[in-house]
Every structure is written in structure tokens, then in C-alpha cells.
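A look at the structure
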Amino acid sequence: MGTTAKEEMARFWEKNTKSNRPLSPHVTIYKWSLPMAMSITHRGTGVVLSLGVSLFGLAALLLPEQFPHYLAMVKSLSLGPALIYSAKFALAFPFSYHTWNGVRHLAWDMGKGFKIPQVNQSGVLVLILTLLSSAGLAAM
């Protein structure tokens, strides 16, 4: 009869302990770089945008009133312009970042900009364009 998963794991760890093998490297041993942080942020904004669109669509289907009713409710709160601008910026940022970084990835798909200085420069450009476009969208 075969071994159980528990027995297999015990045998695995016993073998590794006897041979003094190191554990696999973890993300904490790496020096963070701009491309690494931007890659993780790109994935995160993709998840946030997917969830946001899904929740907005679900709300549109399930909530009893139409969108103008809920917009009027928010306007009736009389929130200050700084808070409204900040909220709009927070909504625009993931969209802007994911879009500009997606354009960067399209350039990479064409084989452009793979040298380390170019990767860093395009990363800084993406961040600048993200901040400017988010600020512009929030001002609308």
C-alpha cells in the first residue's frame, strides 16, 4: 500500500535535514528595485480594477435605484472639494497606472527597452504619466 502525504513530507524533511540543504530563497532576501515594485503594483491594480468593475456591475444589477439616485446621495453629503478630489484621484490612479504600464509592456512585446537603464527610465516615465493623468482625471 502507498504512503500517506504526512509520511512523504516527514521523509522529505528528514532527507533535507540530513543533507543540510538550504531552504529556497524568499522574497525578503532580494533587494527591491523599481521594476520589481512596478510589476507587483501592475498585478495589484489589475486585480483591483477587475474587482471594481465586477462589484460595480453587480451593484447595478442588484441595487433597487438607478445610478443618478446614488450620485445625488453622495452630493447631498456636502463633502469638501479636497475630499472629493482625493477620492476621484484614488479611483483614477489604478486605471491610469495599469494603462500606462500596459503601454510599457506593449513596447516590451515589440522587443524595445530591455536594457536596465531603459527599464528604469520607462518605469519613472510611467510613474510621472500616472500621476499627471490621475490628477487630470480627478480634476474633471
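Residues numbered from 1 in each chain as written. Predicted model: local features only at pLDDT ≥ 70, side-chain atom pairs only at ≥ 80, totals over all residues. Heavy atoms only, no water.

Digging into helix 2 (residues 34–62)
So the rule is basically this: To qualify as a helix, a DSSP run of H or I must reach at least 4 residues; to qualify as a strand, a run of E must reach at least 2; elements of each kind are numbered from the N terminus. The span one expects for a helix is its residue count, reduced by one, times 1.5 Å. A contact between two residues is defined here by any heavy atoms of the two lying within 4.5 Å.
Over its 29 residues, helix 2 extends 41 Å from the first C-alpha to the last, a length consistent with the 42 Å expected when each residue adds 1.5 Å. Those residues of helix 2 that are buried lie in contact with helix 4 (81–109) and helix 5 (116–139).

Side note on the packing of aromatic side chains
To keep things clear, this is the line we draw: For Phe, Tyr and Trp, rings pair up if their centres lie within 6.5 Å, where Trp contributes its six-membered ring, and each pair is then called stacked (planes under 30 degrees apart), edge-to-face (over 60) or tilted (otherwise). When a residue's accessible area, from a 1.4 Å probe over protein chains only, is under 20% of the maximum for its type it is buried; when over 50% it is exposed; and in between it is partly exposed.
Under the defined criterion, the tally for this structure stands at five aromatic pairs. Note on F89 and F93: the rings are 6.2 Å apart at their centroids and 35° apart in plane angle, and the pair reads as tilted. Note that F89 and F93 are positioned in helix 4 at a spacing of four residues, about one turn of the helix. Among the residues examined, F89 registers a relative accessible area of 25% and is labelled partly exposed. Summarising the aromatic geometry, the rings of W108 and F114 are spaced 6.2 Å apart at their centres and angled 25° between planes, so their arrangement reads as stacked. Here a set of aromatic residues connected by ring pairs shows up, and it is made of F89, F93 and Y97.

With respect to the pattern of salt bridges
As a reminder of what qualifies: For this document, the term salt bridge refers to a Lys or Arg side-chain nitrogen within 4 Å of an Asp or Glu carboxyl oxygen.
Tallied over the entire structure, the rule returns two salt bridges. For K18, the salt bridge is made with E14, and the minimal N-O distance between the two is 3.2 Å. Here K18 pairs with E14, and both are found in helix 1 (residues 5–19), just four residues apart, close to one helical turn.

Topic: the layout of surface pockets
Empty space among the atoms becomes apparent when a probe as large as a water molecule is rolled across them. Using the following cut-off: For each structure, a 1 Å grid was placed over the protein atoms alone; sets of points admitting a 1.4 Å probe that cannot get out are labelled cavities, open sets with protein on both sides within 12 Å along at least five of seven lines are labelled pockets, and lining residues have an atom within 4 Å of a point. Grid points are joined across faces, edges and corners, and a volume is the space filled by probe spheres set on the points. As a working rule, the residues Ala, Val, Leu, Ile, Met, Phe, Trp, Tyr, Cys and Pro are called nonpolar, Asp, Glu, Lys and Arg charged, and the rest polar, with Gly in that last group.
Considered as a void within the structure, the largest pocket measures approximately 460 Å³ in volume. Residue lining of the largest pocket: 18 residues in total, with F56, F67, Y70, L71 and V74 positioned closest to the centre. For the lining of the largest pocket, the secondary structure elements donating two or more residues are helix 2, helix 3 (67–76) and helix 4. For the lining of the largest pocket, the per-class residue count stands at 13 nonpolar, two polar and three charged. Computed from the structure, the second largest pocket encloses a volume of approximately 240 Å³. If you go around the second largest pocket, the residues you meet are V48, L49, G52, V53, F56, A90, L91, P94 and F95. Going through the elements one at a time, helix 2 and helix 4 are the ones with two or more residues in the lining of the second largest pocket. A per-element tally of the lining of the second largest pocket places helix 2 first, with five residues. Class assignment of the residues belonging to the lining of the second largest pocket gives a composition of eight nonpolar, one polar and no charged.

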